[in-house]
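# Chains, contacts and geometry: an overview
As a plain string of letters, each chain reads:
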Amino acid sequence: MSQHAMQHVGASVAWRDISLTQRIMGVATGALLGIDAFVHLNDASQYDSFRSSVMSEGTLFRIQGVVAIVVALAVLLWPSITTWIVSLLVAGSAVGAVILYTYVNVGQLGPIPNLYEHTWHAAGKIPSAVAEGLAFLISVAGLIMAVRARRRAAV
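This report concerns the structure included in the present document. All residue numbers here refer to positions counted from 1 along the written sequence of the relevant chain. Given that the model is predicted, a residue must reach a pLDDT of at least 70 before its local features are reported, and side-chain atom pairs must reach 80 or more before they are shown or counted; all residues, however, enter totals for whole chains, interfaces and linings. To get the side-chain values, all heavy atoms of the structure are used, and hydrogens and water are removed first.

The subject of this paragraph is the pattern of salt bridges. Basic side-chain nitrogens of Lys or Arg form a salt bridge, by our definition, when they fall within 4 Å of a carboxyl oxygen of Asp or Glu. Counted according to the given criterion, the structure contains two salt bridges. Its salt-bridge partner being Asp-48, residue Arg-62 comes within 2.9 Å of it at the nearest N-O pair. Taken together, the residues Arg-62 in helix α3 (residues 57–77) and Asp-48 in the loop between α2 (20–43) and α3 connect sequence positions 14 residues apart. Partly exposed describes any residue whose relative accessible area lies between the buried limit of under 20% and the exposed limit of over 50%, with all areas from a 1.4 Å probe on protein chains only and scaled to the type maximum. According to the relative accessible area criterion, Asp-48 is partly exposed, its value standing at 28%. Glu-117 is the partner of Lys-125 in a salt bridge, and the nearest nitrogen-oxygen pair spans 3.3 Å. Relative accessible area serves as the criterion here: at 22%, Glu-117 is assigned to the partly exposed category. Strands are runs of DSSP state E lasting at least two residues, helices are runs of H or I lasting at least four, and both sets are numbered from the N terminus onward.

Here you go:
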């Protein structure tokens, strides 16, 4: 069998071998990243006045929203090692940033404006942070399950 044919068979087996649990976790993570995307895209205009010489915080919110949508779709359609890694990086960096910039005035970092906002009362901040944190935790669990499934399939 050619290497291409073996890869195709491997991809088909991998798709069939995704457990119901991983699929449910993918749906949950996709929904949580959807909440994150909604909040960021909905609230972006409120942050357009906070800017560096290159971009506004609103622009960062829009970027985060679009990235969250793309990753949500990826983990919904292909809950694999790669998509779980990307999901945990996106969700983890988002929840990490919101916590950091709530408690620490980091200041402007290169083209990124000062994101410091010393309150949890901003519209959407708590639901977004909770969704990001839960998406991160589920992504870690999904990654562990996907790695274990790959190891079992290799044996």
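Following the structure, the description resumes.
Here an axis means a line fitted to C-alpha atoms, over the contact stretch when the element is a helix, while the angle between two N-to-C directions is reported on a 0 to 180 degree scale. As a packed pair, helix α4 (residues 81–103) and helix α5 (residues 125–154) sit with axes 8 Å apart at the nearest point and diverge in direction by 150°. Classified by the angle their axes make, α4 and α5 are roughly antiparallel. The way α4 lies across α5 gives a crossing that is left-handed. Note on residue classes: Ala, Val, Leu, Ile, Met, Phe, Trp, Tyr, Cys and Pro are nonpolar, Asp, Glu, Lys and Arg are charged, and everything else, Gly too, is polar. For the contact of α4 with α5, the per-class residue count stands at 16 nonpolar, six polar and three charged. For this classification, under 35 degrees means roughly parallel, over 145 means roughly antiparallel, 65 to 115 means roughly perpendicular, and everything else is oblique. By the definition used in this description, the sense in which the near helix is turned from the far one sets the handedness, with an anticlockwise turn below a right angle giving left-handed and a clockwise turn giving right-handed.

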